[in-house]
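Report on the structure
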Amino acid sequence: MPARYTPSEFEAKWRARWSESDLFCTREADGRPKFYGLDFFPYPSGAGLSVGHCRNYIPTDVLCRMKAMQGYNVLHPMGFDAFGLPAENEAIKRQSHPAPMIDRYAETYRRQMELIGISYDWSRSFKSSDPGYYRWTQWIFKQLFERGLAYRRMAAVNWDPVDKTVLADEEVVGGRAERSGALVEKKLIPQWFMRITDYAQRLIDDLDELDWPEGIKNQQRNWIGRSDGVQFRMTVEIPGEAEAASSGELEVVPTPLEFEVFTTRIDTVFGMTFCVLAPEHPLVETLMARSLREHAEAMMAYRTEAALMSETARQATDREKTGVFTGAYAINPVNQARVALYLADYVLTGYGTGAIMAVPGHDSRDFEFATKYGIDVLQVISPSADGATVVLPFESKDGWLLNSGPYSGRPVTEAQTQLGEWVEMLQIGERKTNYKLRDWLISRQRYWGCPIPVVHAADGTMHSVPDDDLPVLLPEVEHYEPSGDGTSPLAHIPEFVNCTDQNGSLGRRETDTMGGFACSSWYFLRFADPHNDQAGWDPAKISYWLPVDCYVGGAEHAVMHLMYARFWTKVLYDLELVPFKEPFQRLQNQGQVLAMTPYRKPNEDERLDVGEDGILVSFAEAAGLPEADLNWKWARMSKSKGNVVTPDEAVERFGADALRVYELFVAPFEADIQWSEDGMFGAVRFLNRVFRITEDITPIYNSDWQAQIDSDEPSALWREVRRATHQAILKVTDDIDRFAFNTAISTLMIFVGRLEDRVKARIAEAPADRAALSEALSTLIRLIAPITPHCADELWEALGETGFTYDAAWPVGRPELAVEDTVTIAVQVNGKLRDTLVLSAESDGPTLEAAALGSAKVAQYVEGKTIRKVIVVPGKLVSIVAN
Ligand code: ANZ
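First, a word on what this report is: a plain description of the structure on this page. (Residues numbered from 1 in each chain as written. Predicted model: local features only at pLDDT ≥ 70, side-chain atom pairs only at ≥ 80, totals over all residues. Heavy atoms only, no water.)

**Description of the overall build of the protein chain**
Scanning the protein chain from terminus to terminus reveals 31 helices and 34 strands. By its C-alpha atoms, the protein chain is 120 × 90 × 65 Å across when sized along the principal axes. Here the protein chain holds 883 residues, and the buried ones make up 53% of them. Surface exposure of the protein chain reaches about 38700 Å², of which carbon and sulfur atoms provide 51%. Put simply, the protein chain has 90 plus and 127 minus side-chain charges, and the middle of one group is 4 Å from the middle of the other. (Helix = DSSP H or I, 4+ residues; strand = E, 2+ residues; numbered from the N terminus. Buried < 20%, exposed > 50% of the residue type's maximum accessible area, 1.4 Å probe, protein only. Areas by Shrake-Rupley, 256 points an atom, 1.4 Å probe, with all protein chains shown as cover. Lys, Arg positive; Asp, Glu negative; His and termini not counted. Charge placed at Lys NZ, Arg CZ, Asp CG, Glu CD.)

**Details of the environment of aspartate 267**
Of note, aspartate 267 is situated in the loop between β9 (257–263) and β10 (274–277). For the pair formed by aspartate 267 and valine 412, sequence separation is 145 residues and the distance between their alpha carbons is 6.2 Å. Setting aside residues no more than four positions away along its own chain, aspartate 267 makes contact with Ile381, Leu401, Val412, Ala415, Gln416 and Leu419. Only 2.8 Å separates the side chain of aspartate 267 from the side chain of arginine 265, close enough to count as a polar contact. (Contact = heavy atoms within 4.5 Å. Polar contact = N/O pair within 3.5 Å; in protein donor to acceptor, adjacent residues only side chain to side chain.)

**What about the pattern of salt bridges?**
Inspection of the entire model under this criterion finds 48 salt bridges. A salt bridge links glutamate 258 to arginine 233; the shortest N-O distance between them is 3.7 Å. One end of the pair, glutamate 258, is in strand β9; the other, arginine 233, is in strand β8 (residues 226–237), with 25 residues separating them in the sequence. Using a relative accessible area of 31% as the deciding quantity, one classes arginine 233 as partly exposed. Here arginine 653 and glutamate 677 are joined by a salt bridge, their closest N and O atoms 2.4 Å apart. One end of the pair, arginine 653, is in helix α21 (residues 647–654); the other, glutamate 677, is in helix α23 (residues 677–697), with 24 residues separating them in the sequence. By relative accessible area, which is 35% here, glutamate 677 ends up partly exposed. Connected via shared salt-bridge partners are Asp206, Arg566, Lys570 and Glu582. (Salt bridge = Lys/Arg side-chain N within 4 Å of Asp/Glu carboxyl O.)

**Things to note about the pairing of strand β11 (residues 323–331)**
Here β11 lies mainly inside the structure; seven of its nine residues are buried. Where β8 lies against β11, two bridges are found, and the strand directions are antiparallel. Following the sheet pairing, valine 236 is matched in β11 by alanine 330. Bridge count for β11 against strand β12 (residues 338–344) is six bridges, and the pairing is antiparallel. Within β12, the position partnered with tyrosine 329 by the bridge is alanine 340. Between β11 and β12, which pair antiparallel one after the other, the connecting turn spans six residues, and glutamine 336 there sits at a positive phi close to 60°. (Pairing = 2+ DSSP bridges.)

**Quick word on helix α10 (residues 293–307)**
If you check α10, its first and last C-alpha atoms are 21 Å apart, about what 15 residues at 1.5 Å a residue would give, namely 21 Å. Turning to α10, its buried residues number three or more, namely His295, Ala296, Met299, Tyr302 and Ala306. Buried residues of α10, seen end-on, are gathered within an arc of 135° and therefore sit on one face of the element. The exposed residues of α10 that point more than 90 degrees off its buried face are Arg293, Glu294, Thr304 and Glu305. (Expected span 1.5 Å × (residues − 1). Arc of directions from axis to C-beta.)

**Some points on the side chain of aspartate 81**
Positionally, aspartate 81 belongs in the loop between β2 (73–75) and α3 (85–94). At 10 Å, arginine 444 is the nearest oppositely charged side chain to aspartate 81, a buried residue that forms no salt bridge. Among all residues touching aspartate 81, those that are not within four sequence positions of it are Phe41, Pro42, Tyr43, Pro44, Ser128, Gly516, Cys519 and Ser520.

**Remarks on the packing of helix α1 (residues 7–20) against helix α28 (residues 789–798)**
For the pair α1 and α28, the least separation of the axes is 9 Å and the interaxial angle reads 90°. Comparing their axes, α28 and α1 come out roughly perpendicular. Contacts from Phe10, Glu11, Lys13, Trp14, Arg15, Arg17 and Trp18 of α1 reach α28 at Pro789, His790, Cys791, Asp793, Glu794 and Glu797. Residue classes in the contact of α1 with α28 are distributed as five nonpolar, one polar and seven charged. (Axes fitted to C-alpha atoms, helices over the stretch in contact; angles between N-to-C directions. Parallel < 35°, antiparallel > 145°, perpendicular 65-115°, else oblique. Nonpolar A, V, L, I, M, F, W, Y, C, P; charged D, E, K, R; others polar.)

**Quick look at the packing of aromatic side chains**
By the definition in use, this model includes 54 aromatic pairs. Relative to tryptophan 122, the ring of tyrosine 120 lies with its centre 5.5 Å away and its plane at 85°, an arrangement referred to as edge-to-face. For tyrosine 120, a relative accessible area of 2% gives the class buried. Look at tyrosine 342 and phenylalanine 369: their rings are 5.2 Å apart centre to centre, the planes differ by 85°, and that puts the pair in the edge-to-face class. Within this pair, whereas tyrosine 342 is found in strand β12, its partner phenylalanine 369 is found in helix α12 (residues 364–373), the two being separated by 27 residues in sequence. For phenylalanine 369, a relative accessible area of 0% gives the class buried. (Phe/Tyr/Trp six-rings, centres within 6.5 Å; stacked < 30°, edge-to-face > 60°.)

**As for a nonpolar patch on the surface**
A surface patch of nonpolar side chains, about 360 Å² in accessible area, is lined by Met596, Phe619, Trp632 and Trp634. Along the polypeptide, methionine 596 turns up in strand β27 (residues 593–600). The class of methionine 596 is partly exposed, set by a relative accessible area of 34%. (Patch = residues over 30% accessible without salt bridge, like charges linked within 9 Å, V, L, I, M, F, W, Y side chains within 5 Å.)

**Quick notes on the site of the ligand**
As a matter of local geometry, the ligand sits amid 18 residues, with Ser227, Thr263, Leu348, Tyr351 and Lys436 nearest to it. Between the ligand and threonine 263, the relevant distance is 2.7 Å, taken from an oxygen atom to a side-chain nitrogen or oxygen of the residue. Out of a free accessible area of 650 Å², the ligand has 87% covered by protein chains. Counting residues per element, the ones that place at least two in the shell around the ligand are β9 and β13 (355–358). By residue class, the composition of the shell around the ligand is eight nonpolar, six polar and four charged. (Near = heavy atom within 4 Å.)

**Things to note about the nonpolar core**
The biggest cluster of nonpolar side chains holds 102 residues, and the ones touching the most others in it are Met113, Trp675, Phe686 and Ile736. Filtering out sequence-adjacent residues up to four positions away, phenylalanine 686 remains in contact with Val661, Ile745, Leu748, Met749 and Val752. Phe83, Ile102, Ile216 and Leu474 belong to the second-largest nonpolar core, a separate cluster that totals 85 residues. (Core = buried A, V, L, I, M, F, W, Y, C linked by side-chain atoms within 4.5 Å.)

**Let's talk about the environment of serine 119**
Note that serine 119 resides in the loop between α4 (98–115) and α5 (131–146). Ignoring anything within four residues of it in the chain, the contact list for serine 119 reads Phe24, Asp61, Arg65, His76 and Tyr806.

**Quick word on the pairing of β9**
A large share of β9 lies buried, amounting to five of its seven residues. For β8 and β9, the ladder comprises seven bridges, and the chain directions are antiparallel. Across the sheet, the residue bridging to phenylalanine 232 is valine 261, located in β9.

**Brief notes about the sheet that holds β2**
Sheet architecture is open: four strands sit in the order β2-β1-β25-β26, paired in parallel fashion. The open sheet has two edge strands with one neighbour each: β2 and β26 (587–589). Across the sheet, the mean angle separating the axes of adjacent strands is 20° when strand polarity is ignored. Across three bridges, the pairing between strand β25 (residues 550–553) and β26 is parallel. The residue of β26 that forms the bridge with glycine 553 is asparagine 589. Where helix α2 (residues 51–69) meets the sheet, its contacts fall on β1 (34–39), β2 and β25, and the angle it forms with β1 comes to roughly 170°.

**Thoughts on unusual backbone geometry**
Cis geometry is found at the peptide bond from leucine 392 to proline 393, where omega equals 0°. With respect to the helices and strands, the residue proline 393 is situated in the loop between β14 (381–382) and β15 (400–401). Residues leucine 470 and proline 471 are joined by a peptide bond in cis, for which omega reads 0°. Here aspartate 22, not a glycine, exhibits a phi torsion of approximately 50°, which is positive. Take aspartate 22: it is sitting in the loop between α1 and β1.

Right, dumping it as structure tokens:
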């Protein structure tokens, strides 16, 4: 046995043995509980893994390995999110084809994951681009399509003129494409959507049952954006129209015009001084037809301008508000006030009714608009019941109404209820709940995705491809770059497009493909039954393995992936295809790994653009610059920053188990860590200590310790060693379950330290004492096994134990052995601490009292006084009152 941690001598050997014996092949033994541990489905990027990615995979691995040792049937799979834009864009850049490229990248990921000892069952692996997988993605699409949950409509979409593709709203940041940086334009094309909005309330409600970080749940709630308010109708007046009609100037009496508004602040209705329609509001067409030419022209021009802008850009809070007067007025139903009606693009078409009552006294957006266009601002809410006036806008809901007719003086919440009822009584509207959530745009006009299994029939209808004809295979082509006209490159492949429709006529195959989020919305189901070619899954297997017990990945997926996967699961639940409503019972988000990254200090001109931080430079460039010109900063480890450390380098220099210890120990799981080699040396030192203590104890190690450990007269050593052992078991087990890996490792360090002290003092002679030390060593090795599996197997074998630690039983802690047999008691005199005593944990009240009064230090303070009272808190405190 090596006396130190020498990874190059044994790590590869153990990985080969694990693989030869199919150690991590999922077992489905009868009568055992199950545990499904899953990492987010990665897209295998060309750069391979960094030690940053390992922070996702190592912790999940530790938990899964512990569960296996605890006797669970464990499912711990890995696959690849191969379809989608990142892969296609990368392939275009490299002038290769995405399919073989992704295969190579996935191979590298797998090699690196194996290198760091992750216990994946590779026999269950697949890529989302495998026809055997996407056949069932298409099948699920069909289930949604046939129930109206997947539909096609014309939609103004975000158009990226550089990538020549449509972007989801979430891919647009500050009006620019997140990936290419291009200014996003708008384009109207037919698109496929998933009706996730039907599930908005359930997606909020069911969050309550989940063991997820509160922050992620809140991001989901905010993204769904429930708001409770009132929707009501208002009539429109076009000046001169009524007079013209009554004087006979107009041949027909004009139809009365109305529009509806949605407000969350019906209590402010007396403060309405104007109304706004979104430029795309359907009423605008009529208004243009019926108003004076100057107004009609202004509206037309404004609408054209607004059409060019993306929703995201329109919503930017720092943009100056713009708008035009329609020439028409709206009538406030509470007081018949006539208020001007505007078009303005800060009101969005897709939300609420696309029209608002504007209350500049209490809404800052309306306030800004009113100030710019010289519109009245009225205070109708006061922060105090006596109606004090305040600087406007006053946006708080904590307040009382004023200038509000009969409602003046009432608290906001009460007025909201009463005015809501009033609107309903008058039958001009009703109380209503709105959601910000939009239907999920799923189609891409790109090649590298799962084809949508729909045929456009000659008669103009659409139907889904029969199950037997699935999968609709993605054709193998040489050129797959975006066509640039907004259609998919598939549209230019006649052999793909032309097909027979339902009626035997010439149909056209749908040429859009699904965005990557579709593929990752059900992959966790497939791992339960990955090779099934008769169905997406066997219901029995799904109900055994699912839901995922612990799902681990980055917080950046808080909304999209995690929301879409929940939505598909709920749809499948409603169709009785899966027996659970939520796919991921528990969620954990790891912190990032940061690396010291060089930035060149900006010069005067650059400072305006880039700020103080400076300009990112490569390590090579940095080496050529004087140190005074550089700013070194911690930045997320990523290929684009050139600051990546690969697991290959780390393993080569320090060993896989050292890397595992480092990543788990250096900070709490959720916290960001700053990559440091010093920390790696620390991990190596700890492992050396584990090897040394094993070497020290091995000579007296007895595999049969269980038979010898009972002792009628336990020695101090026996008690102390067993206490250390069982305290470690209880704490490490609990910590790993809680994802508190750093404290699990510090517990192990303390445990090793205690054994070292013992060994230094003397090595045991009595058989029971030797058994206690053997138990300690056997326990230590099994407790480190999930964390440092290579070392554990090497040491296990050196002890003469057989098999892999993965198959060994996880130690079970016994609380009665873990309790301390001494306690520290504080002794107070008249409320001040005067002594601390170390006493047997079993000492009763009178014993504690006697010991306290017997203390020489206490004697000094009670000398010459009368003891009035002694209060004893067993295990903690003796308090003496004397005067
Ligand atoms: C009057 C009012 C007074 C409003 C006040 C707010 C404060 P959430 O919570 O986001 O649902 N609104 C309604 N539809 C809109 C649209 N399509 N585009 C832009 N704004 C819209 O907010 C609802 C509030 O946002 C509504 O309540 C409306 O302004 C505005 F002191 O009505 B409120």
